[in-house]
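The chain contents come next:
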Amino acid sequence: MGKTLRVVVCGMAGVGKTAILEQLIHGNVTPATELYPTIEDIYVASVETDRGTREKMRLYDTAGLPPLSGPNAAMNSTQQQQQQQLAKQLLGLTEGYVLVYDPARPESFECLLPLKRDIDKNRDKKEVAIVILANRIKSNNPSSPGGGVTAPANMTVTSSLNKASNWAVREHMKHYEVNAMERASLQEPFVYLATKLSPPPNKSSFPQLSMVRKSITNRPDAAS
């Protein structure tokens, strides 16, 4: 296990950032679990890479950002100040980001767009790894059509997933659909991050050099 990998988890308030981390590390989150709004918290996990090594990861759970649109939207200036504050405080310490949104709430995806721009603007040529998590919590109510999800809601979710997936491709990021209630769905994105942030050491392309001392009798002019 090498250096500690530092990853910031961010996104709009109420999209399940804390639930994802609690489920990933402790596996104790259920639909009945009561979670409170996060101001700031830190989790430490040992994550296995796809090479079979284990890496120590420090995960920073951040306060939720206010929406950019909708009836509860905050003023744009306040939103920008919070995003810039996040970027300035954490960019110098961070190698990875997890951007979380709820595909049933399009405004939560909109929050990620200026946040990603601020990350790019403030990282100062530093290489960072970013994954996007669509936290899609499925309804467990079988009595409702579609498991409790109406047709308009399904269309909203599909539209948000398509937009986020296309955006991730353009920005060279990884996009995953997860469910904070299903621990197994959370493993792949964090394994990817651990692998991306801890590449294997570069091997020299030059063969091992050794000093060879030839006897003077091997020289052509030795007999003269």
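All of these numbers come straight from a predicted model, not from anything done at the bench. (Residues numbered from 1 in each chain as written. Predicted model: local features only at pLDDT ≥ 70, side-chain atom pairs only at ≥ 80, totals over all residues. Heavy atoms only, no water.)

1. Looking at the pattern of salt bridges
With the rule as written, the count across this model stands at 7 salt bridges. The shortest N-O distance in the salt bridge between Lys116 and Glu171 comes to 3.0 Å. Residue Lys116 is located in helix H4 (residues 112-122), and its partner Glu171 is located in the loop between helix H5 (151-170) and strand E6 (174-178); the two are separated by 55 residues in the primary sequence. Note that Arg136 and Glu177 form a salt bridge whose closest N and O atoms lie 3.6 Å from each other. Highlighted residues: Arg136 in the loop between strand E5 (129-135) and H5 and Glu177 in strand E6, separated in sequence by 41 residues. For Arg136, a relative accessible area of 29% gives the class partly exposed. (Salt bridge = Lys/Arg side-chain N within 4 Å of Asp/Glu carboxyl O. Helix = DSSP H or I, 4+ residues; strand = E, 2+ residues; numbered from the N terminus. Buried < 20%, exposed > 50% of the residue type's maximum accessible area, 1.4 Å probe, protein only.)

2. Topic: the pairing of strand E3 (residues 54-62)
Across 5 bridges, strand E1 (residues 5-11) lies against E3 in parallel orientation. From the neighbouring strand, Val7 faces E3, where its bridge partner is Leu59. In this sheet, E3 lies alongside strand E2 (residues 40-48) in antiparallel orientation, the contact comprising 9 bridges. Within E3, the position partnered with Ser46 by the bridge is Lys56. Between E2 and E3, which follow one another and run antiparallel, lie 5 residues, and Gly52 among them has a positive phi close to 90°. (Pairing = 2+ DSSP bridges.)

3. Details of the nonpolar core
One broad trend across soluble globular proteins is that nonpolar side chains are buried collectively. Core analysis: the biggest nonpolar cluster contains 29 residues, and Ile20, Met57, Leu59, Val98, Leu133, Phe190 and Leu193 have the highest contact counts within it. Taken together, the elements giving at least two residues each to this core come down to E1, helix H1 (17-25), E2, E3, strand E4 (96-101), E5, E6 and helix H6 (184-197). A per-element tally of this core places H6 first, with 5 residues. Among residues more than four places away in sequence, those in contact with Phe190 are Ile20, Leu21, Leu24, Val47, Met57, Leu59, Val98 and Leu133. With 21 residues, the next largest nonpolar core counts Tyr60, Leu112, Ala134 and Val157 among its residues. (Core = buried A, V, L, I, M, F, W, Y, C linked by side-chain atoms within 4.5 Å. Contact = heavy atoms within 4.5 Å.)

4. Digging into the sheet that holds E3
Sheet architecture is open: 6 strands sit in the order E2-E3-E1-E4-E5-E6, paired in mixed fashion. Single-partner strands in this sheet number two, and they are E2 and E6. The sheet shows a mean angle of 25° between the axes of neighbouring strands, direction not considered. With 5 bridges joining them, E1 and E4 adopt parallel strand pairing. (Axes fitted to C-alpha atoms, helices over the stretch in contact; angles between N-to-C directions.)

5. Topic: unusual backbone geometry
Unlike most non-glycine residues, His172 shows phi in positive territory, near 60°. Locating His172 in the fold gives a position in the loop between H5 and E6.

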